[in-house]
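Fold and contact review
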Amino acid sequence: AFIQKHNIDGIDLDWEYPGQIGDNNTFRPEDKENFTAILKLIREKLEAIKPNTYLLTIATGANQAYLNHTNMAEAHKYLDFINIMTYDYYTGGGSKTGHHSNLFASASNPNGRSSARAVEEHVNAGIPIEKLVLGVPFYGRWWKGTNDENNGLYQDSSGERGGYSFKEIEEKY
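In short, a report on the structure.

Each value, and the rule that gives it
Position numbers for residues count from 1 along each chain, tracking the sequence in the order it is written. Whole-chain, interface and lining totals are the exception, using all residues; otherwise, since this is a predicted model, local features are given only for residues with pLDDT of at least 70 and side-chain atom pairs are given and counted only at 80 or more. Note that water and hydrogens are dropped before the side-chain values are worked out from all heavy atoms of the structure. Strands here are runs of E lasting at least two residues and helices are runs of H or I lasting at least four, both read from the DSSP assignment and numbered beginning at the N terminus. Throughout, a residue-residue contact means that at least one pair of heavy atoms, one from each residue, lies within 4.5 Å. Think of a salt bridge as a Lys or Arg side-chain nitrogen and an Asp or Glu carboxyl oxygen that are within 4 Å of each other. Accessibility here uses a 1.4 Å probe with only protein chains present; expressed as a share of the type maximum, an area under 20% marks a residue as buried, one over 50% as exposed, and anything in between as partly exposed.

**As for the environment of Lys131**
Positionally, Lys131 belongs in the loop between α5 (115-124) and β4 (132-135). Along the chain, Lys131 and Phe81 lie 50 residues apart, while their C-alpha atoms are 4.6 Å from each other. Setting aside residues up to four positions removed in sequence, Lys131 forms contacts with His76, Lys77, Leu79, Asp80, Phe81 and Ile82.

This is the structure:
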């Protein structure tokens, strides 16, 4: 009724993270099966309202651990798109500096996270590439108190750290 009343085109779920510790969340091994089951149930409910009308999408972690705790080869069958959260590889809350949303691995950190690696891992997990969407940030990260080695990249930070909003980047930089 809510979807129809407000003319909503679908549902996007962001479960952070099935079967894994998050921000004081409850997590269990059965989350892997429950995750697929809830997607199947929601898809069935959406189809019962009006077949082939409503989108069902999810946000996924951009790492192999997320994929190990889900069954994306089965889950994607109930989904229209999978939005990979390809950001916050390094955060302003962490004491180590790095690219927070790089497309490819850096030469100075070739085994590090990257959007290309996340896409490859998702495809290897059984998701058709045409269902994948990159979630990209419109904000930046900063750190103070790093040494100058490698221009401060992949260094420990002992000072303040945080982020820039899109508006701040647009107006100041």
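**Concerning the pattern of salt bridges**
Per the stated rule, a full pass over the model turns up 10 salt bridges. With a closest N to O distance of 3.4 Å, Arg28 and Asp31 form a salt bridge. The exposure class of Arg28 is partly exposed, given its relative accessible area of 38%. A relative accessible area of 1% places Asp31 in the buried class. A salt bridge links Glu47 to Arg43; its shortest N-O distance comes to 3.2 Å. Of this pair, Glu47 and Arg43 both sit in helix α2 (residues 31-49), 4 residues apart, which is roughly one turn of that helix. Here Glu47 falls in the partly exposed class, since its relative accessible area comes to 25%. According to the relative accessible area criterion, Arg43 is buried, its value standing at 12%. Within this structure, Arg28, Glu30 and Asp31 form a network of salt bridges that share partners.

**Digging into unusual backbone geometry**
Put simply, Glu16 and Tyr17 share a cis peptide bond, and its omega is -5°. Topologically, Tyr17 is positioned in the loop between β1 (10-13) and α2. Here the phi dihedral of Asp88 falls at roughly 65°; this positive angle occurs in a residue that is not glycine. Mapped onto the fold, Asp88 is located in the loop between β3 (81-85) and α5. Residues other than glycine seldom take positive phi values, yet Asn151 does so here, at roughly 55°. Among the secondary structure elements, Asn151 is positioned in the loop between β5 (140-143) and β6 (161-164). Overall, Asn151 belongs to the exposed group, its relative accessible area being 79%.

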